[in-house]
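# Residue-level structural notes
As a plain string of letters, each chain reads:
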Amino acid sequence: MSAAEESLDLLTQTLGYAFSDPELLELALAHRSYAYEVEDGRDNERLEFLGDAVLDLVISDVLYQVHPEWDEGDLTRTRAALVNQESLSNRARQLDLGRFIRLGRTEMCSGGEDKDSILANCFEALVGAIYLDGGLPAVVDFVRRVFGTSLESSAVRQPRDAKTEFQEWVHARYQRTPSYRMVSDTGTEDDSRRFRVEVAIGDEVWGLGVGRSKRLAERGAAEAALVRGRPSDGNGDG
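## Points about the nonpolar core
- Of all hydrophobic cores here, the largest spans 46 residues; its most connected members are Phe-19, Leu-55, Ile-59, Phe-123, Phe-142 and Phe-147.
- At the level of secondary structure, the elements contributing two or more residues to this core comprise α1 (3–15), α2 (22–28), α4 (45–66), α5 (72–83), α6 (85–94) and α8 (116–147).
- Ranked by the residues each element gives to this core, the list is headed by α8, at 16 residues.
- In contact with Ile-59, other than residues within four places in its own chain, are Arg-79, Leu-82, Val-83, Val-143, Phe-147 and Leu-151.
- Counting 11 residues, the second-largest nonpolar core is a separate cluster that includes Phe-166, Ile-201, Trp-206 and Ala-225.

If you want it as C-alpha coordinates, here you go:
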(Lines give C-alpha, C1' and ligand atoms only; values in the text may rest on other atoms or scores of the structure.)
Protein backbone atom coordinates (compact mmCIF):
# COMPACT_ATOMS: atom_id res chain seq x y z
CA MET A 1 0.00 0.00 0.00
CA SER A 2 1.37 3.42 -0.98
CA ALA A 3 1.74 6.32 1.44
CA ALA A 4 -1.18 8.11 -0.27
CA GLU A 5 -3.39 5.03 0.09
CA GLU A 6 -2.40 4.64 3.73
CA SER A 7 -3.30 8.29 4.31
CA LEU A 8 -6.74 7.87 2.74
CA ASP A 9 -7.28 4.66 4.70
CA LEU A 10 -6.51 6.50 7.94
CA LEU A 11 -8.92 9.29 7.03
CA THR A 12 -11.62 6.74 6.18
CA GLN A 13 -11.28 5.26 9.65
CA THR A 14 -11.51 8.73 11.20
CA LEU A 15 -14.61 9.57 9.17
CA GLY A 16 -16.31 6.30 10.01
CA TYR A 17 -17.39 5.97 6.39
CA ALA A 18 -15.84 3.74 3.70
CA PHE A 19 -16.19 5.08 0.17
CA SER A 20 -17.29 2.72 -2.58
CA ASP A 21 -15.62 5.16 -4.97
CA PRO A 22 -12.36 6.37 -3.34
CA GLU A 23 -11.88 8.89 -6.15
CA LEU A 24 -14.72 10.94 -4.69
CA LEU A 25 -12.82 11.21 -1.42
CA GLU A 26 -9.66 12.21 -3.26
CA LEU A 27 -11.55 14.88 -5.18
CA ALA A 28 -13.13 16.24 -1.97
CA LEU A 29 -9.63 16.83 -0.60
CA ALA A 30 -8.29 18.66 -3.68
CA HIS A 31 -8.09 22.42 -3.10
CA ARG A 32 -8.05 24.62 -6.20
CA SER A 33 -4.42 25.60 -5.51
CA TYR A 34 -3.45 21.92 -5.81
CA ALA A 35 -5.55 21.33 -8.92
CA TYR A 36 -3.89 24.34 -10.58
CA GLU A 37 -0.48 22.70 -10.23
CA VAL A 38 -1.52 19.26 -11.48
CA GLU A 39 -2.04 18.48 -15.15
CA ASP A 40 -5.76 18.08 -15.85
CA GLY A 41 -6.33 18.54 -12.13
CA ARG A 42 -9.82 18.97 -10.71
CA ASP A 43 -10.68 20.77 -7.49
CA ASN A 44 -13.36 20.21 -4.86
CA GLU A 45 -15.45 23.33 -5.51
CA ARG A 46 -18.31 21.53 -7.29
CA LEU A 47 -18.50 19.04 -4.43
CA GLU A 48 -18.42 21.95 -2.00
CA PHE A 49 -21.43 23.49 -3.77
CA LEU A 50 -23.34 20.23 -3.52
CA GLY A 51 -22.29 19.53 0.05
CA ASP A 52 -23.42 22.97 1.20
CA ALA A 53 -26.97 22.27 0.02
CA VAL A 54 -27.04 18.70 1.34
CA LEU A 55 -25.73 19.77 4.74
CA ASP A 56 -28.40 22.47 5.01
CA LEU A 57 -31.07 19.87 4.24
CA VAL A 58 -29.78 17.25 6.68
CA ILE A 59 -29.24 19.71 9.54
CA SER A 60 -32.69 21.20 8.90
CA ASP A 61 -34.32 17.76 8.95
CA VAL A 62 -32.58 16.63 12.15
CA LEU A 63 -33.40 19.88 13.99
CA TYR A 64 -37.02 19.71 12.79
CA GLN A 65 -37.39 16.13 14.03
CA VAL A 66 -35.74 16.47 17.44
CA HIS A 67 -37.05 19.93 18.41
CA PRO A 68 -40.82 19.96 17.72
CA GLU A 69 -41.25 22.83 20.20
CA TRP A 70 -39.04 25.24 18.23
CA ASP A 71 -40.52 27.80 15.83
CA GLU A 72 -39.12 28.73 12.41
CA GLY A 73 -36.86 31.43 13.83
CA ASP A 74 -35.29 29.03 16.34
CA LEU A 75 -34.68 26.44 13.64
CA THR A 76 -33.25 28.96 11.17
CA ARG A 77 -30.88 30.62 13.65
CA THR A 78 -29.63 27.32 15.02
CA ARG A 79 -29.04 25.85 11.58
CA ALA A 80 -27.10 28.96 10.58
CA ALA A 81 -24.92 28.66 13.68
CA LEU A 82 -24.21 24.98 12.98
CA VAL A 83 -23.26 25.40 9.31
CA ASN A 84 -21.31 28.67 9.43
CA GLN A 85 -17.59 28.77 8.63
CA GLU A 86 -16.45 28.77 12.24
CA SER A 87 -18.56 25.74 13.13
CA LEU A 88 -17.58 23.72 10.06
CA SER A 89 -13.89 24.52 10.39
CA ASN A 90 -14.04 23.32 13.99
CA ARG A 91 -15.67 20.04 12.86
CA ALA A 92 -12.92 19.69 10.26
CA ARG A 93 -10.28 20.15 12.94
CA GLN A 94 -11.92 17.48 15.09
CA LEU A 95 -11.47 15.12 12.13
CA ASP A 96 -7.89 16.34 11.64
CA LEU A 97 -8.94 17.08 8.07
CA GLY A 98 -6.19 19.65 7.53
CA ARG A 99 -3.46 17.03 7.35
CA PHE A 100 -5.22 15.31 4.45
CA ILE A 101 -6.17 18.33 2.30
CA ARG A 102 -4.17 18.58 -0.92
CA LEU A 103 -2.82 22.10 -1.36
CA GLY A 104 -0.61 23.89 -3.85
CA ARG A 105 2.89 24.89 -2.76
CA THR A 106 2.06 28.54 -2.04
CA GLU A 107 -1.06 27.70 -0.03
CA MET A 108 0.83 25.03 1.85
CA CYS A 109 3.60 27.45 2.78
CA SER A 110 1.05 29.97 4.07
CA GLY A 111 -0.53 27.46 6.48
CA GLY A 112 -3.56 26.73 4.34
CA GLU A 113 -4.23 23.46 6.12
CA ASP A 114 -5.42 25.42 9.17
CA LYS A 115 -7.34 28.26 7.50
CA ASP A 116 -10.98 28.36 8.50
CA SER A 117 -12.19 28.98 4.95
CA ILE A 118 -10.27 26.05 3.45
CA LEU A 119 -11.25 23.67 6.25
CA ALA A 120 -14.94 24.60 6.11
CA ASN A 121 -15.06 24.34 2.32
CA CYS A 122 -13.33 20.95 2.41
CA PHE A 123 -15.82 19.73 5.03
CA GLU A 124 -18.69 20.71 2.72
CA ALA A 125 -16.97 18.99 -0.21
CA LEU A 126 -16.63 15.88 1.93
CA VAL A 127 -20.36 15.94 2.67
CA GLY A 128 -21.02 16.25 -1.07
CA ALA A 129 -18.76 13.27 -1.78
CA ILE A 130 -20.48 11.12 0.86
CA TYR A 131 -23.86 12.06 -0.61
CA LEU A 132 -22.84 11.02 -4.13
CA ASP A 133 -21.27 7.83 -2.83
CA GLY A 134 -23.83 6.66 -0.27
CA GLY A 135 -26.91 8.87 -0.56
CA LEU A 136 -28.74 10.84 2.12
CA PRO A 137 -28.75 8.05 4.76
CA ALA A 138 -24.95 8.00 4.72
CA VAL A 139 -24.81 11.79 5.15
CA VAL A 140 -27.32 11.69 8.02
CA ASP A 141 -25.22 9.06 9.82
CA PHE A 142 -22.04 11.09 9.24
CA VAL A 143 -23.59 14.38 10.38
CA ARG A 144 -25.06 12.83 13.52
CA ARG A 145 -21.70 11.27 14.33
CA VAL A 146 -19.67 14.45 13.73
CA PHE A 147 -22.05 16.96 15.31
CA GLY A 148 -22.93 14.62 18.15
CA THR A 149 -25.31 15.68 20.89
CA SER A 150 -25.18 19.33 19.84
CA LEU A 151 -27.97 18.60 17.37
CA GLU A 152 -30.32 17.27 20.03
CA SER A 153 -29.40 19.48 22.97
CA SER A 154 -31.70 22.41 23.67
CA ALA A 155 -28.58 24.34 24.64
CA VAL A 156 -27.70 24.72 20.95
CA ARG A 157 -30.81 26.86 20.45
CA GLN A 158 -29.68 30.26 19.19
CA PRO A 159 -31.12 33.56 20.44
CA ARG A 160 -32.08 36.31 18.05
CA ASP A 161 -28.97 37.77 16.45
CA ALA A 162 -27.84 41.26 17.40
CA LYS A 163 -28.56 42.76 13.96
CA THR A 164 -32.20 41.62 14.07
CA GLU A 165 -32.62 42.78 17.67
CA PHE A 166 -31.12 46.20 16.96
CA GLN A 167 -33.20 46.67 13.82
CA GLU A 168 -36.39 45.86 15.73
CA TRP A 169 -35.38 48.29 18.50
CA VAL A 170 -34.68 51.07 15.98
CA HIS A 171 -37.96 50.46 14.13
CA ALA A 172 -39.91 50.65 17.37
CA ARG A 173 -38.13 53.74 18.72
CA TYR A 174 -37.28 55.78 15.63
CA GLN A 175 -39.36 54.23 12.82
CA ARG A 176 -36.18 53.95 10.76
CA THR A 177 -33.86 51.19 9.53
CA PRO A 178 -30.22 51.17 10.63
CA SER A 179 -27.55 51.16 7.92
CA TYR A 180 -24.15 49.46 7.89
CA ARG A 181 -21.00 50.85 6.27
CA MET A 182 -17.63 49.17 5.90
CA VAL A 183 -14.93 51.47 7.28
CA SER A 184 -11.88 49.42 6.32
CA ASP A 185 -10.65 46.06 5.03
CA THR A 186 -7.07 44.92 5.63
CA GLY A 187 -7.38 42.44 2.76
CA THR A 188 -5.70 39.74 4.85
CA GLU A 189 -7.56 36.43 4.73
CA ASP A 190 -8.35 34.92 8.16
CA ASP A 191 -7.33 38.15 9.95
CA SER A 192 -9.62 38.24 13.00
CA ARG A 193 -9.82 42.05 12.67
CA ARG A 194 -9.91 42.24 8.88
CA PHE A 195 -13.16 44.20 8.54
CA ARG A 196 -14.25 47.33 10.44
CA VAL A 197 -17.93 48.19 10.08
CA GLU A 198 -20.05 50.91 11.63
CA VAL A 199 -23.81 51.02 12.05
CA ALA A 200 -25.76 54.27 11.93
CA ILE A 201 -29.25 55.58 12.48
CA GLY A 202 -29.57 58.28 9.87
CA ASP A 203 -26.30 60.20 9.93
CA GLU A 204 -25.40 59.26 13.50
CA VAL A 205 -22.99 56.36 14.09
CA TRP A 206 -24.21 54.13 16.92
CA GLY A 207 -21.67 51.31 16.96
CA LEU A 208 -18.43 49.98 15.52
CA GLY A 209 -17.50 46.32 15.06
CA VAL A 210 -14.52 44.31 13.79
CA GLY A 211 -14.27 40.73 12.56
CA ARG A 212 -12.74 38.27 10.12
CA SER A 213 -15.84 38.65 7.93
CA LYS A 214 -18.21 41.52 7.19
CA ARG A 215 -21.00 39.53 8.83
CA LEU A 216 -19.09 39.24 12.09
CA ALA A 217 -18.08 42.90 12.00
CA GLU A 218 -21.69 43.96 11.41
CA ARG A 219 -22.81 41.79 14.31
CA GLY A 220 -20.19 43.42 16.54
CA ALA A 221 -21.38 46.87 15.49
CA ALA A 222 -24.99 45.94 16.29
CA GLU A 223 -23.98 44.57 19.69
CA ALA A 224 -22.15 47.81 20.48
CA ALA A 225 -25.17 49.83 19.35
CA LEU A 226 -27.48 47.77 21.57
CA VAL A 227 -25.27 48.44 24.59
CA ARG A 228 -25.56 52.16 23.85
CA GLY A 229 -29.28 52.04 23.12
CA ARG A 230 -30.61 49.97 25.98
CA PRO A 231 -29.64 52.34 28.83
CA SER A 232 -31.50 55.14 27.05
CA ASP A 233 -34.77 53.19 27.24
CA GLY A 234 -35.00 53.95 30.92
CA ASN A 235 -34.42 57.70 30.80
CA GLY A 236 -36.04 58.66 27.52
CA ASP A 237 -33.01 60.19 25.82
CA GLY A 238 -31.47 58.87 22.59
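## Some thoughts on unusual backbone geometry
- Despite not being glycine, Asp-96 shows a phi value in the positive range, around 60°.
- In this structure Asp-96 comes out as partly exposed when scored by relative accessible area, which is 37%.

## Here we look at α6
- Those residues of α6 that sit buried are Ser-87, Leu-88, Ser-89, Arg-91 and Ala-92.
- Buried residues along α6 sit against α4, α5 and α8.
- In this structure Asn-84 caps α6, since a side-chain oxygen of it lies 3.2 Å from the backbone nitrogen of Glu-86.
- Phi turns positive one or two residues past the end of α6, at Asp-96, with a value near 60°.

## Section: the packing of α5 against α6
- Contact geometry for α5 and α6: axes closest at 4 Å, N-to-C directions at 45°. One finds that α5 runs oblique with respect to α6. From α5, Ala-81, Leu-82 and Val-83 reach across to α6, where they touch Gln-85, Ser-87, Leu-88 and Arg-91.
- Taken together, the residues that form the contact of α5 with α6 break down as 4 nonpolar, 2 polar and 1 charged.

## What about the environment of Arg-145?
- Structurally, Arg-145 is set in helix α8.
- We classify Arg-145 as partly exposed; its relative accessible area is 43%.
- For the pair Arg-145 and Asp-116, spaced 29 residues apart in sequence, the C-alpha to C-alpha distance is 21 Å.
- Discounting residues that sit within four places of it in the chain, Arg-145 has contacts with Leu-15, Gly-16 and Tyr-17.
- In this structure the side chain of Arg-145 is engaged in a polar contact, spanning 2.9 Å, whose partner is the backbone oxygen of Leu-15.
- Polar contacts involving the side chain of Arg-145 include one to the main-chain carbonyl oxygen of Gly-16, which spans 3.2 Å.

## Observations regarding the packing of aromatic side chains
- For the structure on display, the rule yields 8 aromatic pairs.
- Through a chain of ring-to-ring contacts, three or more aromatic side chains come together here, namely Phe-166, Trp-169, Tyr-174 and Trp-206.
- When the ring centre of Trp-206 is taken as reference, the NZ or CZ atom of Arg-228 above it lies at 4.0 Å.

Procedures and definitions
Residues numbered from 1 in each chain as written. Predicted model: local features only at pLDDT ≥ 70, side-chain atom pairs only at ≥ 80, totals over all residues. Heavy atoms only, no water. Core = buried A, V, L, I, M, F, W, Y, C linked by side-chain atoms within 4.5 Å. Buried < 20%, exposed > 50% of the residue type's maximum accessible area, 1.4 Å probe, protein only. Helix = DSSP H or I, 4+ residues; strand = E, 2+ residues; numbered from the N terminus. Contact = heavy atoms within 4.5 Å. Polar contact = N/O pair within 3.5 Å; in protein donor to acceptor, adjacent residues only side chain to side chain. Axes fitted to C-alpha atoms, helices over the stretch in contact; angles between N-to-C directions. Parallel < 35°, antiparallel > 145°, perpendicular 65-115°, else oblique. Nonpolar A, V, L, I, M, F, W, Y, C, P; charged D, E, K, R; others polar. Phe/Tyr/Trp six-rings, centres within 6.5 Å; stacked < 30°, edge-to-face > 60°. Lys NZ or Arg CZ within 6 Å of the ring centre and 35° of its normal.

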